Amino acid sequence: MIDLNYFREHLDDVERMLRNRNARLDLDAFRKLDAERRQRITSVERLKAERNKGSEEVGRLKKSGQDAAALMSRMKQIADEIKQEDEKIAALDEKLRDFMLSIPNIPHSSVPVGSGAEGNVEVRRWGAPPQFDFAPKPHWELGEALGILDLERAVKIAGTRFALYRGAGARLERALANFFLDVHTREQGYTEVLPPFIVNTASLIADGKLPKFAGDMFHLENTDLWLTTTAETELTNLYRDETLDDALLPVKVCAWTACFRSEAGAAGKDTRGIKRQHQFQKVEMFKFTRPEESYDELEKMVRDAEDLLQQLGLHYRVMQLCTGDMGFASSKTYDIEVWVPSSKEFMEISSCSNCEAFQARRAGIRYKPKGGAKNQKSEFVHTLNGSGLPTGRTWIAVVENFQQADGSVVLPEVLRRYMGEDRISSRP
């Protein structure tokens, strides 16, 4: 959430930002709503001042034995007027809050302006595409031939956009998650968390998923609960409504969870294979930082995700997203895209974002700067999130990039100790 005072005082800048982000909001409606709210607050403050003064006068009249009935009647009238005004102000506050919750984050000054993916900027590449002396197959053909991916039975169990892994395919999914978590916790300094996979509405509002993205999620009927779309939600809410000790910052956590998405806006897109699923598994990185350190920590987070891909030996590129392609809560985002041989194109595999104080303001997460004055107010932390990595999409990349002419898949060295074998070569 953007700070209300900043929004109010920089409406022209906000309007330009919204255009750059392809967002449309009725700012005239905000102006009218805000003006009415402030007018009513001024009015009710006058009434309360009159009430306080009148109460003192009633006491004086009674003390001196004079008739206070008329003034008491006026005080009752004022009390009724205050109640009515307070109710109207509360309704306006609710409308104003809903409006502010609909506003995307302000892009950092370093973010390139653009309307969509064509405006993204390549930052760097690592490695090179594998060279084959045969036509590489897509992962769904390889998976079926090896008996490690059974999409037909997944459809029977749950419907389309679900996957069923078998034998070495299931072990590969598990091996990737264990590898990611081990690197994050043993080499990169993250603390592992295993959170619930179901979250409440307050948690989704805090991280920016609600109210805007309700259509992309699965809601549990007759409850206040939703299936999580990403562990970013759970990790954002670890410290909701808390003030963190400055000495603990930055806090670095990671979590493996299942993720559930309705993919309401993706009909007909990536329908073959397991690239875009209603359920998938992912390891998420998350940081709570001091504001002045958040952009350095963003660069480190990107490098942490890159490290996983480098250890796997997968060719990738890093893209800085433009204003029109960033997520709702982000101030700056890097996407990491891995090479997919069958389609001869890059596929997004990680997205690392600095949300600055946007989520922390919604969630009430603060810290008190060390060395500040005793009366110094606490400040909002900055929050950062990044995929580290989605196991399903990494599964695709490993199977396709390391496929052999005989249909087998040679496993990256770092996965062999988890798999107990050096290649996947036969049906289970």
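Here, the structure is the one placed above.
Just so we're clear, the structure is a prediction, and the values are computed from it rather than from any experiment. (Residues numbered from 1 in each chain as written. Predicted model: local features only at pLDDT ≥ 70, side-chain atom pairs only at ≥ 80, totals over all residues. Heavy atoms only, no water.)

A. Looking closely at the sheet that holds strand β5 (residues 243-244). Spatially, three strands are ordered β5-β11-β12 in an open sheet, and the strand pairing comes out mixed. This sheet does not close on itself; its edge strands, each paired only once, are β5 and β12 (379-380). Alignment of strand β11 (residues 366-367) against β12, held across two bridges, turns out to be antiparallel. Looking at β12, one finds that Arg366 is bridged to Phe380. (Pairing = 2+ DSSP bridges. Helix = DSSP H or I, 4+ residues; strand = E, 2+ residues; numbered from the N terminus.)

B. Just the packing of aromatic side chains, in detail. Tallying each qualifying case throughout the model produces 14 aromatic pairs. Arranged with centres 5.1 Å apart and planes meeting at 65 degrees, the rings of Phe132 and Phe134 form a pair that is edge-to-face. Among the residues examined, Phe132 registers a relative accessible area of 25% and is labelled partly exposed. Note on Phe213 and Phe328: the rings are 5.9 Å apart at their centroids and 85 degrees apart in plane angle, and the pair reads as edge-to-face. With Phe213 in the loop between α8 (201-207) and β4 (225-227) and Phe328 in the loop between β8 (316-320) and β9 (332-340), this residue pair connects regions lying 115 residues apart in the sequence. According to the relative accessible area criterion, Phe213 is partly exposed, its value standing at 25%. Here the aromatic cluster, defined as three or more aromatic residues joined through ring pairs, consists of Phe7, Phe30 and Phe99. Positioned above the aromatic ring of Tyr190 is the side chain of Lys252, whose terminal nitrogen or guanidinium carbon lies 4.7 Å from the ring centre. The positively charged end of Arg366 is found above the aromatic ring belonging to Phe380, 4.1 Å away from the centroid. (Phe/Tyr/Trp six-rings, centres within 6.5 Å; stacked < 30°, edge-to-face > 60°. Buried < 20%, exposed > 50% of the residue type's maximum accessible area, 1.4 Å probe, protein only. Lys NZ or Arg CZ within 6 Å of the ring centre and 35° of its normal.)

C. Spatial organisation of the packing of helix α7 (residues 168-186) against helix α12 (residues 391-401). Packing of α7 against α12 leaves a shortest axis separation of 10 Å and a crossing angle of 115 degrees. It follows from the interaxial angle that α7 and α12 lie roughly perpendicular. Of the two elements, α7 crosses α12, and the hand of that crossing is right-handed. Between α7 and α12, the contacting residues are Gly169, Leu172, Glu173, Leu176, Ala177 and Phe180 on the first element and Thr391, Gly392, Thr394, Trp395, Val398 and Val399 on the second. Residue composition of the contact of α7 with α12, grouped by class: seven nonpolar, four polar and one charged. (Axes fitted to C-alpha atoms, helices over the stretch in contact; angles between N-to-C directions. Parallel < 35°, antiparallel > 145°, perpendicular 65-115°, else oblique. Left-handed = near helix turned anticlockwise from the far one by under 90°. Contact = heavy atoms within 4.5 Å. Nonpolar A, V, L, I, M, F, W, Y, C, P; charged D, E, K, R; others polar.)

D. How the structure looks around the state of the cysteines. The tally for this structure, following the rule as stated, stands at zero disulfides. This cysteine, Cys322, is not joined by any disulfide, and Cys355 carries the nearest cysteine sulfur, 17 Å off. (Disulfide = S-S within 2.5 Å.)

E. Region of the structure containing the side chain of Asp182. Inspection of the secondary structure assignment puts Asp182 in helix α7. Classification of Asp182 as buried rests on a relative accessible area of 19%. Setting aside residues up to four positions removed in sequence, Asp182 forms contacts with Glu187 and Tyr418.

F. Local environment of the pairing of β8. Along β8, five of the five residues are buried, which leaves the element largely enclosed by surrounding structure. Alternating residues of β8 divide into Tyr316, Val318 and Gln320 and Arg317 and Met319, and every residue in both groups is buried.

G. Broad picture of the nonpolar core. Formed by 50 residues in total, the largest nonpolar core has its most connected members in Leu172, Trp395 and Ile424. What Leu172 contacts, discounting residues up to four positions off in sequence, is Trp395, Val398, Val399, Leu411, Leu415, Met419 and Ile424. The next biggest cluster of nonpolar side chains, apart from the first, holds 27 residues, and it includes Leu18, Met100, Leu210 and Phe358. (Core = buried A, V, L, I, M, F, W, Y, C linked by side-chain atoms within 4.5 Å.)

H. Inspection of the pairing of strand β10 (residues 345-354) at higher detail. Across the 10 residues of β10, eight count as buried, placing the element largely inside the fold. In this sheet, β10 lies alongside β9 in antiparallel orientation, the contact comprising nine bridges. By the bridge assignment, Lys332 is partnered in β10 with Asn354. Counting the residues in the hairpin turn of β9 and β10 gives four residues, including Lys344, whose phi is positive at 55 degrees. Pairing geometry for β10 and strand β13 (residues 382-390), over three bridges, is antiparallel. Within β13, the position partnered with Asn354 by the bridge is Leu384.

I. Summary view of the sheet that holds strand β7 (residues 279-289). Reading across the sheet, the eight strands line up as β1-β8-β9-β10-β13-β7-β6-β2 and stay open at both edges, with mixed pairing between neighbours. The strands lining the two open edges of the sheet, one partner per strand, are β1 (121-126) and β2 (191-193). Along the sheet, successive strands turn relative to each other by an average axial angle of 25 degrees, direction set aside. Of the pairings in the sheet, the one linking β1 to β8 comprises five bridges and is antiparallel in character. Residue pairing across strands places Arg124 opposite Val318, the latter belonging to β8. The strands that α12 touches are β7, β9, β10 and β13; relative to β13, the one it contacts most, it runs at about 40 degrees.

J. Representation of helix α5 (residues 139-146) within the structure. Within α5 the residues assigned to the buried category are His139, Leu142, Gly143 and Leu146. Around the axis of α5, the buried residues are gathered within 95 degrees of arc, so they sit on the same side. Opposite the buried face of α5, at more than 90 degrees from it, the exposed residues are Glu144 and Ala145. Looking at the buried positions of α5, the neighbouring elements they touch are α12, β14 (409-410) and β15 (423-424). A positive backbone phi angle near 75 degrees is found at Gly147, which sits one or two residues after α5. (Arc of directions from axis to C-beta.)

K. Representation of unusual backbone geometry within the structure. Here the amide bond leading from Leu210 into Pro211 is cis, since omega sits at 10 degrees, within 30 degrees of zero. Within the secondary structure, Pro211 sits in the loop between α8 and β4. Along the chain, Gly388 connects to Leu389 via a cis peptide bond; the corresponding omega equals 10 degrees. Inspection of the secondary structure puts Leu389 in strand β13. One non-glycine residue, Arg161, lies in positive phi territory at about 65 degrees. According to the relative accessible area criterion, Arg161 is buried, its value standing at 16%.

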